Amino acid sequence: MKNTITDTNFDFPGQQSVYKGKVREVYTLENDLLVMVATDRLSAFDVVMPKGIPYKGQILNQIATKMMAATADIVPNWLLATPDPNVAIGHACEPFKVEMVIRGYLSGHAAREYKTGKRVLCGVPMPDGMKENDAFPDPIITPATKAEKGDHDEDISKEDILQKGIVSEVDYQLLENYTTALFQRGTEIAAERGLILVDTKYEFGKTKDGKIVLIDEIHTPDSSRYFYADGYQKRQDRGEAQKQLSKEFVRQWLISNGFQGLSGQKVPEMTDAYIETVSERYIELYENITGEAFTKADISNIQDRIERNVLNYLEQPR
């Protein structure tokens with residue numbers, strides 16, 4: 001669609017390298033600065049969809065910014081500034097090659113694995129007799145290896161992470177502690193909005209001075225799944241699907257159209273009308289998760305706007 005940003009090619013002062021992920025593009029500058037641009041690309045089943053979603057990058061960036069601020073007292077993070085609705089600037093870090101996935105409920109990937117008869121996920125046992133979307137007795141941490149571009153993230157156990165030396169035991173213990181604390185805070189924030197934080201993932205990095213910090217996004221609809229708290233138990237008792245706030249609605253649409261990211265499958269056509277509904281759902285997600293009205297940024301020329309705002313920030317004395 002017009003007025004979306006799905007690719008960037010900036011040349012900022014002191015620029016050293018560019019990394020393009022599924023959704024974000026990260027520019028490394030001198031003085032250990034990172035400029036992270038949240039694009040409007042949509043990824044599902046680790047596949048980037050062919051068309052962008054209006055305002056999606058702004059929504060993800062602004063939710064992540066708000067949640068970083070709301071958790072900075074319990075976990076340090078990489079963020080310094082957000083000079084543009086789609087941009088975050090912060091400290092350069094060496095990312096850990098694992099995503100810390102934490103699940104409070106049997107949903108999504110965990111539920112799909114459970115339905116096949118599996119009762120252990122990433123080395124963590126799951127109780128018998130659970131229904132989809134039931135709460136676990138306690139949240140479980142089910143890490144995933146960070147995929148290279150185009151590959152699927154893969155489940156991995158804590159034991160394998162330590163045995164393969166992906167993360168040291170000392171660092172991993174801190175990652176677990178941070179993950180648990182963040183999920184608890186996220187659960188409390190969600191409850192204030194009448195929501196249930198079902199599951200989410202956190203990513204961490206290490207700064208040049210050896211400090212472990214939270215990076216990337218946090219508690220966004222791309223990294224997290226939410227249920228509406230009102231009516232949750234009634235829907236569970238009746239065996240009904242839960243009312244969700246996440247991009248699961250996109251995954252379900254893709255599944256219903258024969259696509260799960262498997263070899264040989266083709267991404268179904270996303271019409272402009274369907275993309276407009278996805279954009280509207282993301283705005284709904286923003287307003288429900290933050291409790292604030294969404295203000296649409298000027299998207300007449302997003303590239304120019306981003307470049308202008310980032311350059312203005314970089315020119316300021318620090």
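Look up a bit, the structure's there.
Note that the structure is a prediction, hence the values are computed from the model and not measured.

**Some details on the overall build of the protein**
- Helices and strands together make up the secondary structure of the protein, namely eight helices and 18 strands.
- For 318 residues, the compact-globule estimate of 2.2 N^0.38 gives 20 Å, and the protein sits close to it at 19 Å.
- Taken along the three principal axes of its C-alpha coordinates, the protein extends 60 × 50 × 45 Å.
- By the burial criterion, 51% of the 318 residues in the protein qualify as buried.
- Intrachain contacts of the protein at a sequence separation of at least 6 include 64% that bridge at least 24 residues.
- Counting every atom, the protein has about 15000 Å² of accessible surface; 47% of that belongs to carbon and sulfur.
- If you average the places of the 38 positive and of the 49 negative side-chain charges in the protein, the two averages end up 3 Å apart.

**Focus on the pattern of salt bridges**
- Overall, the coordinates contain 22 salt bridges when judged by the stated rule.
- Here the salt bridges share partners, and the residues they tie into one network are Asp7, Lys20, Glu25 and Arg41.

**A closer look at the environment of Gln260**
- By the element assignment, Gln260 lies in the loop between α6 (248-256) and α7 (272-290).
- Distance from Gln260 to Val47, taken between C-alpha atoms, is 9.1 Å for residues 213 residues apart in sequence.
- When sequence neighbours within four positions are dropped, the list of residues in contact with Gln260 reads Phe45, Ile255 and Gln265.

**Focus on the pairing of strand β16 (residues 212-215)**
- Side chains of β16 alternate between two faces, with Ile212 and Leu214 and Val213 and Ile215 buried alike.
- The turn joining strand β15 (residues 195-206) and β16, which pair antiparallel and follow one another in sequence, is formed by five residues; a positive phi near 85° is taken by Gly210.

What counts and how
- Residues numbered from 1 in each chain as written.
- Predicted model: local features only at pLDDT ≥ 70, side-chain atom pairs only at ≥ 80, totals over all residues.
- Heavy atoms only, no water.
- Helix = DSSP H or I, 4+ residues; strand = E, 2+ residues; numbered from the N terminus.
- Rg over C-alpha atoms; globule rule 2.2 N^0.38 Å.
- Buried < 20%, exposed > 50% of the residue type's maximum accessible area, 1.4 Å probe, protein only.
- Contact = heavy atoms within 4.5 Å.
- Areas by Shrake-Rupley, 256 points an atom, 1.4 Å probe, with all protein chains shown as cover.
- Lys, Arg positive; Asp, Glu negative; His and termini not counted.
- Charge placed at Lys NZ, Arg CZ, Asp CG, Glu CD.
- Salt bridge = Lys/Arg side-chain N within 4 Å of Asp/Glu carboxyl O.
- Pairing = 2+ DSSP bridges.

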